[in-house]
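Coordinates in review
The primary structure of each chain is shown beneath.
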Amino acid sequence: MIEVMDSVQRELKEPYRAVCRELELPYSSLMRWKSRRAEGEAAVGTPGPAKEEPLDLVSLNAEIAELAHGRERTLGTGALYQQHRDQISRRNLQALVEAARREVRREAKALERRVEWLVPGLVWSMDDAQLERLPEGHGHMHVVHDLGSRYTLKSLGSEELSDGMKVAAYMKGLIELHGAPLFMKRDNGGNLNHHAVSEVMGEYGVIPLNSPPHYPPYNGAVEKKQLELQRHLTGRIGQARVELRVFELETELCGHELNHKRRRSLGGCTACRVMDDGRNAVRRFDRRERREVYEEIKALAVDITTELGEHTDAAVETAFRYAAETWMQENNVIRVVQ
């Protein structure tokens, strides 16, 4: 704007005041801009008085993330401004809040994806939960279930969290009994990612599929199974704490009883029946075919990582998960619903 006014003034050979009057621009504003430019400052500053205290943007963004973000408004913005009014203007704070609200909406949209598991026996999932059930200490529940049939392969109650060696032993026994799945879904718990567990997977050609925490599209099914088992356990023993042996037996019985419950999601069949009928799907994947599937997924994951240009452990894990999801969709193992 200053350059434009200078050019017009030279061409018309009129004083700046007359040029400003003609263009309906306040003369005082133009002089203020020219003065700032002469002193090496930005011509146009932020409206309002200058903020005296330094702004810790990282901490402020963390506080903004904790606010209750709705679709159009964010509860608590006014109170947050009062805390930081000496560090940031209301306008700039509102811009940060709006950016955070847009990010929340984007994340919510991404999490609307839901994975439906279509083939019994091909994808297992394992998970741990802590329960307040024992007279002294918490009590733990270790669950392994088949996603396609909703069949509970293992519901183990214990005093302590099962370590990696125990998890590997349970897994090996279940594979010997039911046949090896093609994929094993797990979270990032140290016991579930123990080297002994990985060795069992490698021995039987099971492809590990790690899920990120708090990610409903992948974790919803196992979390729902955990909740169902815990509710069934409460229905059997109530809210009271029980002795360890009772907790172990009742937890195991819960899995057995739920396997024989007719489910509308399974067309009125039981999980036990669907799991048994689906055994042929597992048998067709011999060691050679399992290796081919793994190599195909790995190659696609490498392409994704290269395209992203990021090679951190988290990026590699995410790329492998998306590659595995792509393979499962193309081979009708899962259906992704928005």
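Residues numbered from 1 in each chain as written. Predicted model: local features only at pLDDT ≥ 70, side-chain atom pairs only at ≥ 80, totals over all residues. Heavy atoms only, no water.

Right, let's talk about helix H10 (residues 244-259) for a bit. Count 3.6 residues to each turn of an α-helix, and residues three or four apart come out pointing the same way. Taking 1.5 Å per residue, 16 residues should reach 22 Å; H10 reaches 23 Å between its end C-alpha atoms and fits that length. Every buried residue of H10 is listed here: Phe247, Glu250, Thr251, Cys254, Gly255, Leu258 and Asn259. (Helix = DSSP H or I, 4+ residues; strand = E, 2+ residues; numbered from the N terminus. Expected span 1.5 Å × (residues − 1). Buried < 20%, exposed > 50% of the residue type's maximum accessible area, 1.4 Å probe, protein only.)

Quick look at the nonpolar core now. Core analysis: the largest hydrophobic core is formed by 24 residues, its most contacted members being Phe183, Ile297, Trp327 and Met328. For this core, the elements supplying multiple residues, two or more each, are strand E3 (114-117), strand E8 (207-210), helix H12 (279-283), helix H13 (287-308) and helix H14 (313-330). With 6 residues, the top contributor of residues to this core is H14. Apart from residues lying up to four places away in sequence, Trp327 is in contact with Leu182, Phe183, Phe285, Val293, Glu296, Ile297 and Val333. (Core = buried A, V, L, I, M, F, W, Y, C linked by side-chain atoms within 4.5 Å. Contact = heavy atoms within 4.5 Å.)

Moving on, we get to helix H7 (residues 164-178). For H7, built from 15 residues, the straight-helix expectation of 21 Å at 1.5 Å per residue is met to within 8% by its first-to-last C-alpha distance of 21 Å. For H7, every residue scored as buried is listed here: Gly164, Val167, Ala168, Met171, Leu174, Ile175 and His178. Across the axial projection of H7, the buried residues extend over an arc of 130°, all falling on one side. Exposed positions of H7 whose direction lies more than 90 degrees from the buried face are Met165, Glu176 and Leu177. (Arc of directions from axis to C-beta.)

Our focus in this paragraph is the packing of aromatic side chains. To describe a pair of aromatic rings, you give the distance between the ring centres and the angle between the ring planes. Taken as a whole and judged by the stated rule, the model has 3 aromatic pairs. With centroids separated by 6.0 Å and ring planes inclined at 55°, the aromatic side chains of Phe183 and Trp327 adopt a geometry described as tilted. Placement of the pair is Phe183 in strand E7 (residues 183-186) and Trp327 in helix H14, with a sequence separation of 144 residues. Pair check on accessibility: Phe183 and Trp327 agree, each one buried. Ring centres 6.2 Å apart and planes at 50° place the aromatic pair Tyr294 and Phe320 in the tilted group. Separated by 26 residues along the polypeptide, Tyr294 in helix H13 and Phe320 in helix H14 bring together distant segments of the chain. By relative accessible area, Tyr294 is classed as partly exposed at 26%. (Phe/Tyr/Trp six-rings, centres within 6.5 Å; stacked < 30°, edge-to-face > 60°.)

The next thing to look at is the sheet that holds E7. What the 5 strands build is an open sheet, ordered E6-E5-E4-E7-E8; its pairing is mixed. Edge strands, defined here as strands with exactly one partner in the open sheet, are strand E6 (151-158) and E8. The mean inter-strand angle of the sheet, taken between neighbouring strand axes irrespective of direction, is 20°. Taken together, the 3 bridges between strand E4 (residues 123-130) and E7 define a ladder with parallel strand orientation. Across the sheet, Val123 pairs through a bridge with Phe183, a residue of E7. Running at roughly 170° to E6, H10 makes contact with strand E5 (140-146) and E6 of the sheet. Each of E7 and E8 touches H13; the most contacted strand, E8, lies at about 40° to it. (Pairing = 2+ DSSP bridges. Axes fitted to C-alpha atoms, helices over the stretch in contact; angles between N-to-C directions.)

Turning to the side chain of Thr152, a few remarks are in order. Take Thr152: it is sitting in strand E6. Only 3.2 Å separates the side chain of Thr152 from the side chain of Lys225, close enough to count as a polar contact. (Polar contact = N/O pair within 3.5 Å; in protein donor to acceptor, adjacent residues only side chain to side chain.)

This brings us to the packing of H13 against H14. Packing of H13 against H14 brings their axes to within 8 Å, and their N-to-C directions diverge by 125°. For the element pair H13 / H14, the angle class is oblique. You can see that H13 and H14 cross each other, and the crossing is right-handed. For the pair formed by H13 and H14, the contact residues are Val293, Tyr294, Glu296, Ile297, Lys298, Leu300, Ala301, Ile304 and Thr305 on the first element and Ala315, Val316, Ala319, Phe320, Tyr322, Ala323, Ala324, Thr326 and Trp327 on the second. Residues belonging to the contact of H13 with H14 are distributed by class as follows: 14 nonpolar, 2 polar and 2 charged. (Parallel < 35°, antiparallel > 145°, perpendicular 65-115°, else oblique. Left-handed = near helix turned anticlockwise from the far one by under 90°. Nonpolar A, V, L, I, M, F, W, Y, C, P; charged D, E, K, R; others polar.)

Glancing now at the confidence of the model for the chain. In this model, the chain carries an average pLDDT of 84, and 87% of its residues clear a pLDDT of 70 or more. Across the chain, helix H8 (residues 195-204) holds the top mean pLDDT of 96, while helix H1 (residues 2-12) sits lowest at 66. (pLDDT = per-residue confidence, 0-100.)

On to a negative patch on the surface. A cluster of acidic residues, Glu136, Glu159, Glu160, Asp163 and Glu243, forms a negative patch at the surface. Assignment of secondary structure puts Glu160 in the loop between E6 and H7. Residue Glu160 is classed as exposed on the basis of its relative accessible area of 60%. (Patch = residues over 30% accessible without salt bridge, like charges linked within 9 Å, V, L, I, M, F, W, Y side chains within 5 Å. Areas by Shrake-Rupley, 256 points an atom, 1.4 Å probe, with all protein chains shown as cover. Salt bridge = Lys/Arg side-chain N within 4 Å of Asp/Glu carboxyl O. Lys, Arg positive; Asp, Glu negative; His and termini not counted. Charge placed at Lys NZ, Arg CZ, Asp CG, Glu CD.)

With that settled, consider empty space enclosed by the protein. Counted under the stated rule, the structure contains 1 cavity of 30 Å³ or more. Taken as a whole, the largest cavity spans an internal volume of roughly 40 Å³. Gly121, Trp124, His178, Gly179, Met275, Gly278, Arg279 and Val282 together form the lining of the largest cavity. Across the lining of the largest cavity, the residue classes tally to 3 nonpolar, 4 polar and 1 charged. (1 Å grid on protein atoms, 1.4 Å probe; cavity = no way out; pocket = protein on both sides within 12 Å on 5 of 7 lines; lining within 4 Å. Points joined across faces, edges and corners; volume = space filled by probe spheres on them.)

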